[in-house]
2 protein chains.
Amino acid sequence: MENYNSNFYIPHNQIDFPSIDDPFYKYQNNGYMMDYSSLHQQNFHKKYIPNQVTPYWPKEPIIRKSSVCQTPIVTLDDYPGEFNFQFSLPVNECFRTNLMYSKKLLKVYIKMGHVLPMRFSWSSFHGDFWLRTTMVFREDHDRSIPVQRCYAHMASDLPYNQNINASQLQHVFRTGNVRSYYHCNNGILSTLTPLNNPVVGLKDVPIDFLFYCKNSCPTGINRRPTMMVFTLESQTGQVLGRRSLQVQICSCPKRDKERDENDLQNPKAKRSQEKKSVSNPPPVPPPEEDTESSIEEDQNVYSLKLDVLGEENYKAVLKYAYDIMAGYAVRTGNFEILKKCSEELHLCF
Amino acid sequence: MENYNSNFYIPHNQIDFPSIDDPFYKYQNNGYMMDYSSLHQQNFHKKYIPNQVTPYWPKEPIIRKSSVCQTPIVTLDDYPGEFNFQFSLPVNECFRTNLMYSKKLLKVYIKMGHVLPMRFSWSSFHGDFWLRTTMVFREDHDRSIPVQRCYAHMASDLPYNQNINASQLQHVFRTGNVRSYYHCNNGILSTLTPLNNPVVGLKDVPIDFLFYCKNSCPTGINRRPTMMVFTLESQTGQVLGRRSLQVQICSCPKRDKERDENDLQNPKAKRSQEKKSVSNPPPVPPPEEDTESSIEEDQNVYSLKLDVLGEENYKAVLKYAYDIMAGYAVRTGNFEILKKCSEELHLCF
DNA sequence: TTACAAGTTT
DNA sequence: AAACTTGTAA
Ligand SMILES: [Zn+2]
Ligand SMILES: [Zn+2]
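Residues numbered from 1 in each chain as written. Chains lettered and ligands numbered in written order. Predicted model: local features only at pLDDT ≥ 70, side-chain atom pairs only at ≥ 80, totals over all residues. Heavy atoms only, no water.

When helices and strands are tallied, chain A shows 6 helices and 12 strands. Expressed as a percentage of its 349 residues, the buried residues of chain A come to 47%. For chain A, restricting intrachain contacts to residue pairs at least 6 apart in sequence, the fraction spanning at least 24 positions comes to 74%. A total accessible area of about 19,100 Å² is found for chain A, and carbon and sulfur atoms account for 53% of it. (Helix = DSSP H or I, 4+ residues; strand = E, 2+ residues; numbered from the N terminus. Buried < 20%, exposed > 50% of the residue type's maximum accessible area, 1.4 Å probe, protein only. Contact = heavy atoms within 4.5 Å. Areas by Shrake-Rupley, 256 points an atom, 1.4 Å probe, with all protein chains shown as cover.)

Here it is in structure tokens:
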């Protein structure tokens, strides 16, 4: 429990997923089969997979006497607490077709079957800490209703419902950490994951979340907005910190994010009209550039902290930072520095 | 088994439906609750309910040695057979918000939870006949796949899944006849209903169908087109006649029917443009009419058979026929003739 | 009845 | 990515 390697991820080859090349794949997609494509992309979250491969159910679990939380969720308010509990999401994961993050709305849009690679940090390097993750309905009047999977996604003949522990079946999300507990308190479901201190050189602990139902599902979440609430707990279940994040599991993260952001700016405006003029701006020729480079390669690493106005600009800066380092890596053959720097690019909440 | 009264319908008060006035009704509508409103309208299919009320599961069922059909469905072709097997739908039920019939497409659009009041006729007045009803996928490549309810609609805690026989749970439709068998042959589901000869004065036998899933349901029909196949069977399960009807269980029968008919006429045309100009025709002032009536009331009944060009015209003629008789009924107080004549208005397939 | 939401198809 | 479908809400 002292080293990074106990934060294990599910090895792909141990999940009973049909091959994407299976000719029945399309045919079996009867509306509630999962899109496994992300889980078949060899490099999808490669950097999170430690070298060591462990069985899905570990023989020596990290034990807590009780998985009960001392104070069930009554508020969503952020509470860093005495350990300055924080979470983040690697920026290079934030603007993909399968996972979009809206900085304006502080909201994650993610497709079912895909990975939300969260990072968590707290200021103590000693003691046993746990992460509890609970999905709740965002609206006050739904807050006490348990968030559970729909009937269709709980069907036991679905491939991703086989070879799982019975306690996982109703959970909308599962973690990538095989040592997580799947807890149920009066129908309110949560996961409880041991938080080991970050490995040397990293300042936070990665924990993946995978989603097995959608926000739109009838008999389940049924189109209601949801949040994931992360609490830092002590070994005895005392709440030491709390952070929450709005999450929507949907089929078109990009579209839905753009729609929501547009609604925020233009309430009650005719959406279809607005979008058209936004998505089809008049073409502007790119400015001429001098791409000649005569600068010596500099081996030093400079820490940079800056605020950028506007998400597009923000993303552009990030992309540029990544690309310029990629150019460096290609020229020098030093891909290590690229890997390290790009992992440092986190989106903090 | 010799009289009309053995074609019983489910008495409303014996179905375990929540009251429409229940304050939880709206709240419980989590996407897969049924719209019970039709079943609460006192007069909805009043005329089909015989005076005698029978328990939902009859104590003395009409027995067939085996519910197996000698020749399972391999074709959808119409086959009147030696008994001239026919079916029809009362026209006054054909153009409602809950049930639309497209004469162009020979297709029924019906909301879940609502009644399709079919009528069946055959030319023999002696012997024991049975109606088998099977729902199949319209497309050849899906024909052999069983049509069953989705997981969400099979949930046992839904009110309309309680107090039913286990054999009914997977069936997309149920009949209004309590003596129907619910058969399963390798997953292919069908109902088998005793066909008693029509009562004196009627020329066909009414059988209601109620729907408990939708064509759009994931893990169920999943947006595939379906047909209901009706076969006339002998006491030994020999097929004596066959008729089929395209049925789509959906939330907006009128809209979907109009869309389909529009698609038929304007294949690949921009639908949204077309519909707008169709649904908002330029206003035309109605022609002046002389509504003075100086004709003596005629007590004779005249049989009429005619073909009308165009569905709107066809409906207009039917409505006019109904209304003119209604006027007669109001003037004379003879509502019997109205009832009898309007029931004669059937839409034959 | 219209507009919207959100999954699926092209 | 755009268009279409189809359930739901206003
Ligand atoms: Zn679901
Ligand atoms: Zn269904």
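Right, let's get into the pairing of strand β8 (residues 188-195) of chain A. Residues and elements named next belong to chain A. Counting buried residues in β8 gives 7 out of 8 residues, a clear majority hidden from the surface. Where strand β5 (residues 129-137) and β8 come together, 6 bridges link them in antiparallel fashion. Residue F129 lies in a different strand from β8, and its bridge partner there is L195. Between strand β7 (residues 181-185) and the antiparallel strand that follows it, β8, lie 2 residues; N186 among them carries a positive phi value of about 55°. (Pairing = 2+ DSSP bridges.)

Residues and elements named next belong to chain A. Surrounding the zinc ion (ligand 1) are the protein donor atoms C150 (SG), H153 (ND1), C213 (SG) and C217 (SG), which sit 1.9 to 2.3 Å from the metal. Spacing between the donor residues of the zinc ion (ligand 1) along their common chain follows C-x2-H-x59-C-x3-C. Accessibility expressed as a relative area gives 0% for C150, which makes it buried. (Donors = N, O, S within 2.8 Å, 3.2 Å for Na, K, Ca; no water.)

All names here are of chain B. With respect to topology, 7 strands assemble into an open sheet ordered β2-β3-β11-β10-β5-β8-β7, the strand pairing being mixed. For this open sheet the edge positions go to β2 (99-102) and β7 (181-185), each flanked by a neighbour on one side alone. When the angles between neighbouring strand axes are averaged without regard to direction, this sheet yields 30°. Alignment of β2 against strand β3 (residues 107-110), held across 4 bridges, turns out to be antiparallel. Note that in β3 the partner of Y101 across the bridge is V108. On the sheet, helix α3 (residues 253-265) packs against β2, β3 and β11 (239-249) and is oriented at approximately 15° with respect to β2. (Axes fitted to C-alpha atoms, helices over the stretch in contact; angles between N-to-C directions.)

Moving on, we come to the pairing of strand β10 (residues 226-234) of chain A. A regular strand carries its side chains on alternate faces of the sheet. Residue and element names in this part refer to chain A. Most of β10 is tucked away: 9 of the 9 residues are buried. Residues of β10 alternate between two faces, with T226, M228, F230, L232 and S234 on one and M227, V229, T231 and E233 on the opposite face, all of them buried. Across 9 bridges, the pairing between β5 and β10 is antiparallel. In the strand pairing of β10, F129 is matched with S234. Looking at chain direction, β10 and strand β11 (residues 239-249) are connected through 8 bridges and run antiparallel. From the neighbouring strand, E233 faces β11, where its bridge partner is V239. Counting the residues in the hairpin turn of β10 and β11 gives 4 residues, including G237, whose phi is positive at 90°.

Mapped onto this numbering, the UniProt entry gives "domain: p53 DNA-binding" (unreviewed entry) at residues 77-263 of chain A. Regarding residues 77-263 of chain A, the helix share stands at 6% and the strand share at 39%, and the terminal C-alpha atoms are separated by 24 Å. (UniProt positions renumbered as here; feature names shortened; annotations may be inferred.)

Attention now goes to the coordination of the zinc ion (ligand 2). Residues and elements named next belong to chain B. The zinc ion (ligand 2) binds to the protein through C150 (SG), H153 (ND1), C213 (SG) and C217 (SG), with metal-donor distances spanning 1.9 to 2.3 Å. Coordination at the zinc ion (ligand 2) is tetrahedral, judged from the 4 donor atoms that bind it and the angles of 103 to 114° they form at the metal. Of note, the zinc ion (ligand 2) draws all its donor residues from one chain, in the sequence arrangement C-x2-H-x59-C-x3-C. Residue H153 is located in the loop between β5 (129-137) and β6 (173-175), and its partner C217 is located in the loop between β9 (205-211) and β10 (226-234); the two are separated by 64 residues in the primary sequence. Among the residues examined, H153 registers a relative accessible area of 0% and is labelled buried. Using a relative accessible area of 0% as the deciding quantity, one classes C217 as buried. (Tetrahedral: all angles 85-135°; square planar, octahedral: opposite > 155°, others 65-115°.)

Turning our attention to the sheet that holds β7 of chain A. Residue and element names in this part refer to chain A. Taken together, the 7 strands give an open sheet; going across it, the order is β2-β3-β11-β10-β5-β8-β7, and neighbouring strands pair in mixed fashion. The two strands at the open ends of the sheet, each matched to only one other strand, are β2 (99-102) and β7. Ignoring which end each strand starts from, the neighbouring axes of this sheet average 30° apart. Helix α3 (residues 253-265) contacts β2, β3 (107-110) and β11 of the sheet and is inclined by roughly 15° relative to β2.

Cross-referencing UniProt, the feature "binding site: Zn(2+)" (unreviewed entry) maps to C150, H153, C213 and C217 of chain A in the present numbering. Look at the named residues: they lie 68 residues apart in sequence, but the longest C-alpha span between them is just 8.8 Å, so in the fold they bunch up.

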